Amino acid sequence: MAELEGLEFGKSDFVLLDEVTMEQFMENLKLRFEKGRIYTFIGEVVVSVNPYREMDIYGKEVVEAYRGRELYENPPHLFSVADAAYKTMKRRAKDTCIVISGESGAGKTEASKYIMQYIAAITNPSQRAEVESVKNVLLKSNCVLEAFGNAKTNRNNNSSRFGKYMDINFNFNGDPTGGHINNYLLEKVRAWRKVGVEVTMRPVRHADHCLLRGGSEEMLQSLFLQRDPSFYIYTREGASSSVSCSNLRADRSAHKAVLTALKVIGFRAQEIDSIYMILGAILHLGNLEFATDGESVRVTAPQAVENIAILTSTTAADVSKALLFRTVATGGGEVIDKGHSEQEANYGRDAFSKALYERLFSWIVSRINAVIEVKDYNPVLHGKNTVIGVLDIYGFEIFDNNSFEQFCINYCNEKLHQLFIELILRQEQEEYDREGIPWQHIDYCNNQIIVDLVEQPHRGIISILDEACLGVGKVTDVMCLESMDSKLGQHPHYTSRKLSPTDKSLEFQRHFRIRHYAGDVTYSVEGFLEKNKDPLFQDFKRLMFNSTNPVLSEMWPEGRLDITEVTKRPLTAATLFKNSIVALVDKLACKDPYYVRCIKPNEVKSPMLFDDARCRHQVAYLGLLENVRVRRAGFAYRQPYNRFLQRYKMTCEYTWPNHLMESDREAVEAIVKQHDFHDDVEYGHTKLFVRTPRSLFTLEQERAALIPILVLFLQKVWRGALARMRCRRIRAIYRIMSCFRRYKVKAHFWEVERRLGGVRTMADYGRSVQWPAAPAALAHFHAITQQLYHRWWARQVVKNIPPSDMAEVRAKVAALSALQGERPTWGCGRVWERDYLSHVSDSPQTSAHFVQVSKELKNKDQFSTILFSGFVRKVNRFNKSTDRALFITDKHVYKLEPRKHFRVLKKIPLDNVTGLSVTSGADQMLVLHTSSKDDILVCLQRGELCPNQDRVGEVLGTLSDHFTSG
């Protein structure tokens, strides 16, 4: 770092001071502030000084410069500690937290915003939409919480009036997946009434001011509000300080930003309207005034009550009754309305206003949590869920008049300082002793005694306050102070005027003083009990629960209880706050902490003034000098031997992949010796301690260079293993497939044998048997087998046919083959007579004469066989038809004239016939094609033997068989 920043800017790490003294510390801090270097390291702790001006050190270039770099590689910056926390979380899968502490106005809120922006900038490089959505909601939540939880005071323009701890959840890739926000002690009192002279202008919430200055005219009209903040009691003080044009533009811009943020987060339009209606109702409540009219009290401005009723979705009568009366249940179960005095009415109005704002703020936080919570998380599927916590909480406060809020705030800072002492100072020194590391003990201020003074059961201040609040009868603040004096009189860090009569700075029966780690604080006991009880009349709770606005009703669930129902007394405000702070400290203690210690350079918000006394006081109570001493004498990094070895064993040839030494410590010593930084380490009983980060960075660099090589090697080995497993699986698959195929083939043969084994003895020779489906591998073989069976079956059938019928069978087979199913009926099922003209039954009148003619033709033409004879209807080319007879022998085709004693009209040699054409219908048309192109077109006539006979198939089959067998 000395190379990155010149000596003119001072030492960038307080550990590098020549002497650890307050003078040198302050001199270096002042020099860096004047040179514009507002950040300085103490090891891994960042000391931040509020510059009170805009600085161009948070842009994209700066983010890239710090992304993934070690702490000492760049000048000190908030981004350094943010990146260190992120790397620790991602590398070691450990939860981390960033604790931002300091007094009011030291710049804690701005620091938390820059840290959040940095984490958002370096995550989700793949720009996944769901991750971007989570980041946007997390960032926008800051805008909303600042608007409703921060206020402008004379000490701070953006003073956090609540404590905020945000957990950001990350997946195994290091991308944010959600989060959760805890809020602590929303300070309500100073938001409503002026308290003491330390507040020269009343701290108005940003949301109130931006609503009046930045809201549209339509919005203000709907809320019955005027634009002038001075018109309202709750925003009157300080209103005149912000009337410039630039402030008006800023207010409008801020109001628009809040509306946009609410929409981005996921608030519905009805919910946003409800938020501003509640704000409007609170402002109207502040303007309510009461007057005594005889024995009763009345509201002086009924129209304001009407406006409040409309904004809270109730009735004016119910609002007026809740403000002026209190419903009380008597011992006998009777319910009566007890009228308020003017003082009680004023008290109830302010208590109601405070409770409304507190419920609104808590509801906004819970609504944001519902949106950003991690949903559907499964560690098995999504990997380990790690967390970075960011704590931005109010700083230590010392005013001229310190009340209950300062007491709680300062107690919170005592607890956080105790955690700092525990983790950074005490535990570190105890660990060195436990591990046997040579060490020079450093004294530090342990504030455990102050924490016990506040929270010790039965004897602590909170217990005394609770005892007074729960007591029977009228217990006053003075009586509570006397009880503290009697029980805490011997405590070295507690005093009062009664215990120190000579101390004129304390008033009798009013003040007590606690010696905090940050200095002595005098508290005024006035109002302690009232604020601790934090009472609110049940009438207001029932009024809000019965509102027709579901958002408002949801904020007041206890309003459903009837007045006669006895409920358990609620915990006091101090106890609730103590419990939440104890839970917060426990949550921080289980994480790896990183610290940002904020310092306020002056009280006038000047970018040039460095108040030496003011800063010296802050350095003292923050324990920064003790931190420097521990850091100079201590070690930057420590790790158990087994975890150190697990992370860095690949950097040494003697430890990779596994060492053969007697212990992990010897293996770690081998790694240290190989890298030659044994002078920079110490060996404890169970851990290795590394003094400077540079040694660790050297190991990290070498590890980062080796990781890709190891990854490639592991990928190669794993790919080989996967290939071998895949090969074995494929071989097994093929073996199983082969066995299965053989089984299916055998099973098919067995099934065929079972079904067709007895076909020889069957009447139909197995014609009715259904063949089993063949596997795909036997499809071709199955077809051949079926063909062989069909031929065998045909042979068996043909064997039983008499020789005299064989000619007819052959002719029918020939017709079947020729027609190929084109003609549905062709006379297959009847006996083919062939010579129908000689058949007495078919041609009773002409058969005898035709027999004589056929004999003459046989003698003349010497034919041996009559293939077909029958009556036909001859059709010529002119579409004229005449009756004729067709006589076909094995030698000739004769066309005869039946009416003239079967005179031969045409004789064509059978060898000249080249083809035969028939139709696919039921008609008897027939065409004999000849080589001389003298085709014969006839229509076969049915005889008397059977009028419906189809003889086309007979002619076709007879001729086909003749030509085939010839």
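Nothing here was measured: the structure is a model prediction, and the numbers come from that model.

**Comments concerning the UniProt feature "binding site: ATP" (unreviewed entry) in the protein chain**
Then step 1. UniProt tags G102, E103, S104, G105, A106, G107, K108 and T109 as "binding site: ATP" (unreviewed entry).
Then step 2. By secondary structure assignment, the location of S104 is in the loop between strand 3 (96-101) and helix 4 (108-122).
Then step 3. Using a relative accessible area of 6% as the deciding quantity, one classes S104 as buried.
Then step 4. The topology assignment puts G107 in the loop between strand 3 and helix 4.
Then step 5. Since its relative accessible area comes to 23%, G107 is described here as partly exposed.
Then step 6. Contact partners of G107, with chain neighbours within four places excluded, come to N50 and C598.

**Quick notes on the environment of G527**
Then step 1. Relative to the helices and strands, G527 resides in the loop between strand 16 (519-524) and helix 19 (528-533).
Then step 2. When its relative accessible area of 17% is taken as the criterion, G527 is described as buried.

**Re the nonpolar core**
For soluble globular proteins, the rule of thumb is that nonpolar side chains tend to be buried together.
Then step 1. Core analysis: the largest hydrophobic core is formed by 105 residues, its most contacted members being I115, F148, F267, Y276, L356, I364 and I368.
Then step 2. Here this core gets 13 residues from one element, more than from any other, and that element is helix 13 (residues 342-372).
Then step 3. Non-local contacts of I364, meaning those with residues more than four positions away in its chain, are made with V144, F148, F267 and I275.
Then step 4. In terms of nonpolar packing, the next biggest core, distinct from the first, is built from 71 residues, F25, V49, F396 and L624 among them.

**Considerations on the sheet that holds strand 22 (residues 881-889)**
Then step 1. Read from one edge to the other, the open sheet built from seven strands follows the order 24-23-22-21-27-26-25, with strand pairing classed as antiparallel. Of all strands in the sheet, those with a lone pairing partner are strand 24 (903-909) and strand 25 (913-918), marking the two edges. Geometrically, the sheet is characterised by an average inter-axis angle of 35° between neighbouring strands, direction not taken into account.
Then step 2. Two elements, strand 23 (residues 892-897) and strand 24, share six bridges in a ladder whose sense is antiparallel.

**Some details on the packing of aromatic side chains**
Then step 1. According to the stated counting rule, one finds 32 aromatic pairs in the structure shown.
Then step 2. Taking the centre distance of 6.4 Å and the plane angle of 20° together, the rings of F537 and F540 count as stacked. Taken as a pair, F537 and F540 share a single burial class, namely buried.
Then step 3. Plain terms: the ring middles of W826 and W832 are 6.3 Å apart, the flat faces sit at 65° to each other, and that makes the pair edge-to-face.
Then step 4. Judged by its relative accessible area of 10%, W826 is buried.
Then step 5. The class for W832 is buried, based on a relative accessible area of 5%.
Then step 6. Feature note: the residues F404, F407, Y494, F512, Y523 and F528 constitute an aromatic cluster, connected by ring pairs.
Then step 7. Lying over the aromatic face of F267, R367 brings its terminal NZ or CZ to 5.4 Å of the ring centre.
Then step 8. Here K812 stacks its cationic end above the ring of W832, 5.5 Å away from the centre of that ring.

**A few points about a positive patch on the surface**
Then step 1. Taken together, R724, R726, R728 and R729 make up a surface patch of like positive charges.
Then step 2. By secondary structure assignment, the location of R726 is in helix 27 (residues 693-756).

**Thoughts on the pairing of strand 13 (residues 386-392)**
Then step 1. Where burial is concerned, most of strand 13 is hidden: seven out of the seven residues are buried.
Then step 2. Here strand 13 shows no split at all, with T386, I388, V390 and D392 on one side and V387, G389 and L391 on the other all buried.
Then step 3. Note that strand 3 and strand 13 share five bridges and pair parallel. Residue pairing for strand 13: C97 is matched across the bridge by G389.
Then step 4. Across seven bridges, strand 6 (residues 163-170) lies against strand 13 in antiparallel orientation. Among the inter-strand pairings, N169 is bridged to a residue of strand 13, identified as V387.

Cut-offs applied
Residues numbered from 1 in each chain as written. Predicted model: local features only at pLDDT ≥ 70, side-chain atom pairs only at ≥ 80, totals over all residues. Heavy atoms only, no water. UniProt positions renumbered as here; feature names shortened; annotations may be inferred. Helix = DSSP H or I, 4+ residues; strand = E, 2+ residues; numbered from the N terminus. Buried < 20%, exposed > 50% of the residue type's maximum accessible area, 1.4 Å probe, protein only. Contact = heavy atoms within 4.5 Å. Core = buried A, V, L, I, M, F, W, Y, C linked by side-chain atoms within 4.5 Å. Pairing = 2+ DSSP bridges. Axes fitted to C-alpha atoms, helices over the stretch in contact; angles between N-to-C directions. Phe/Tyr/Trp six-rings, centres within 6.5 Å; stacked < 30°, edge-to-face > 60°. Lys NZ or Arg CZ within 6 Å of the ring centre and 35° of its normal. Patch = residues over 30% accessible without salt bridge, like charges linked within 9 Å, V, L, I, M, F, W, Y side chains within 5 Å. Areas by Shrake-Rupley, 256 points an atom, 1.4 Å probe, with all protein chains shown as cover. Salt bridge = Lys/Arg side-chain N within 4 Å of Asp/Glu carboxyl O. Lys, Arg positive; Asp, Glu negative; His and termini not counted. Charge placed at Lys NZ, Arg CZ, Asp CG, Glu CD.

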